[in-house]
Amino acid sequence: MKKSERMNQMLRFINQKQQFTLQDLMQEFQISKRTAIRDIASLEELGAPIYAEYGRYGGYRLLQQMQLPPISFNTGELHALYFAIQALRSFSNLPFQATFRSIHEKFISALSDKQRLEIQNIQHRVLFKHTEQIKDSENLEFLLMSAVQNTVIQIVYQNARTSRHTEGSSSNVTSSNVRTIQPIALYAMRGYWYCQAYDLHKQAYRVFRCDRITSPQLTDIEPLDHIKEVSLQDAHSLWKPTEQAIPFQCRINEAGMELFQQEHFPSMKLEVYAEQTYLVGSYEPHELEFIIRYLAGYGKSIQIIKPASLKGALRQYYLDLLEHV
């Protein structure tokens, strides 16, 4: 990092902390003690009102907050921002009604001619492959702010279920039901937005497809304290199988492990014993069609060990597919 850039970031750092030590600067900016002392002297020359406190618990104090210069980005940061903006391209819906087109246009217009040319060169040298958003989700901002503000909401959820007809074909039909939930977090995966939430009626952690959520409304219900502090990373730990859940076990090879890393759910995990890797987990009785379609995506990379009923259902799934070949 250039010294001028480090000075700019250091001004913002100490303006926020108000009180700091040499060790704070050394750790934050990965610099030596000698460099930290020189940087403080440079900041004082720039007019930063820094006061030295001596003694065992001494350090430095900022006498008053400073008027900081506008934020500027170096070339590497601009390129990183451009890559991040490209990640928005696949979404037709984003929280706060933001669109890729408006964000991209504002970003490009704020660049200098040289920076704009560099971005254009990147466009000709890097190809971004995206999974396009499959279904529109109209309530992302409402759901996100409910999670941020720890509120309990009521939603109408369109459940998808599979109906099998006499000729052996299947089609998806939907049924609606009202849910009372406390949203935890949102995430996007494979073209869909998902809402992690706690279902107050079922008293269980659930994941809802955002495009199936309609008519969200605030309620006067007090949010649950043990859900307020749950983060996106910790949310899956809330999931618990019911007493009716059916355990399963599949032998899985290296190719299957890569597929597992791309997509898996809280009800499953990988385990290794006797130098063999297994995909283990459980599914609810009403989730049989779902787990069958999921396991079918692994192809030859897995082998169902148990239960026998799951193996038979997967075999029947393949036979039904042959009827349409």
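Calculation rules
- Residues numbered from 1 in each chain as written.
- Predicted model: local features only at pLDDT ≥ 70, side-chain atom pairs only at ≥ 80, totals over all residues.
- Heavy atoms only, no water.
- Helix = DSSP H or I, 4+ residues; strand = E, 2+ residues; numbered from the N terminus.
- Rg over C-alpha atoms; globule rule 2.2 N^0.38 Å.
- Buried < 20%, exposed > 50% of the residue type's maximum accessible area, 1.4 Å probe, protein only.
- Areas by Shrake-Rupley, 256 points an atom, 1.4 Å probe, with all protein chains shown as cover.
- Lys, Arg positive; Asp, Glu negative; His and termini not counted.
- Charge placed at Lys NZ, Arg CZ, Asp CG, Glu CD.
- Pairing = 2+ DSSP bridges.
- Axes fitted to C-alpha atoms, helices over the stretch in contact; angles between N-to-C directions.
- Core = buried A, V, L, I, M, F, W, Y, C linked by side-chain atoms within 4.5 Å.
- Contact = heavy atoms within 4.5 Å.
- Salt bridge = Lys/Arg side-chain N within 4 Å of Asp/Glu carboxyl O.

**Examining the overall build of the protein**
Within the protein, the regular secondary structure consists of 11 helices and 12 strands. Computed over C-alpha atoms, the radius of gyration of the protein comes to 27 Å, more than 25% over the 20 Å expected from 2.2 N^0.38 for 325 residues, which places it beyond the range of a compact globule. Along the three orthogonal principal directions, the C-alpha set of the protein runs to about 85 × 50 × 50 Å. Buried residues in the protein amount to 36% of all 325 residues. For the protein, the exposed area adds up to about 20700 Å²; of that, 50% sits on carbon and sulfur atoms. In the protein, which carries 35 positive and 34 negative side-chain charges, the distance between the mean positions of the two groups comes to 4 Å.

**Quick word on the sheet that holds strand β10 (residues 268-273)**
Read across the sheet, 4 strands follow the order β10-β11-β9-β12 without closing on themselves; strand pairing throughout is antiparallel. Two strands in the sheet have a free side with no partner beyond their single neighbour: β10 and β12 (302-306). Neighbour to neighbour, the strand axes of the sheet diverge by 30° on average, direction disregarded. Of the pairings in the sheet, the one linking β10 to strand β11 (residues 276-283) comprises 6 bridges and is antiparallel in character.

**Description of the environment of V148**
For V148, the position within the fold is in helix α7 (residues 140-148). In this structure V148 comes out as exposed when scored by relative accessible area, which is 55%.

**A short note on the nonpolar core**
Residues F248, M268, L279, I291, Y294, L295 and L310 are the most contacted members of the largest nonpolar core, which totals 22 residues. Secondary structure elements with two or more residues in this core: β5 (170-189), β6 (192-199), β9 (246-252), β11, α10 (288-296), β12 and α11 (308-322). Beyond its immediate sequence surroundings of up to four residues, F248 is in contact with M268, L279, V280, G281, S282, Y283, I291, K306, P307 and L310.

**Quick look at the pairing of β9**
Each regular strand displays side chains that alternate between the two surfaces of the sheet. The pairing of β9 with β11 spans 6 bridges and is antiparallel. The partner of I246 across the bridge, within β11, is Y283. Bridge count for β9 against β12 is 4 bridges, and the pairing is antiparallel. In the strand pairing of β12, R251 is matched with Q303.

**Considerations on α10**
Listed in full, the buried residues belonging to α10 are I291, I292, Y294, L295 and A296. Along its buried surface, α10 packs onto β9, α9 (254-262), β10, β11, β12 and α11.

**Regarding the pattern of salt bridges**
Going through the model one piece at a time under the given rule, you end up with 6 salt bridges. With its nearest N and O atoms 2.9 Å apart, the salt bridge here joins R61 to E53. Between E271 and K269 there is a salt bridge; the shortest N-O distance is 3.4 Å. On the basis of relative accessibility, which here comes to 28%, the residue E271 falls in the partly exposed class. Overall, the relative accessible area of 47% leaves K269 in the partly exposed class.

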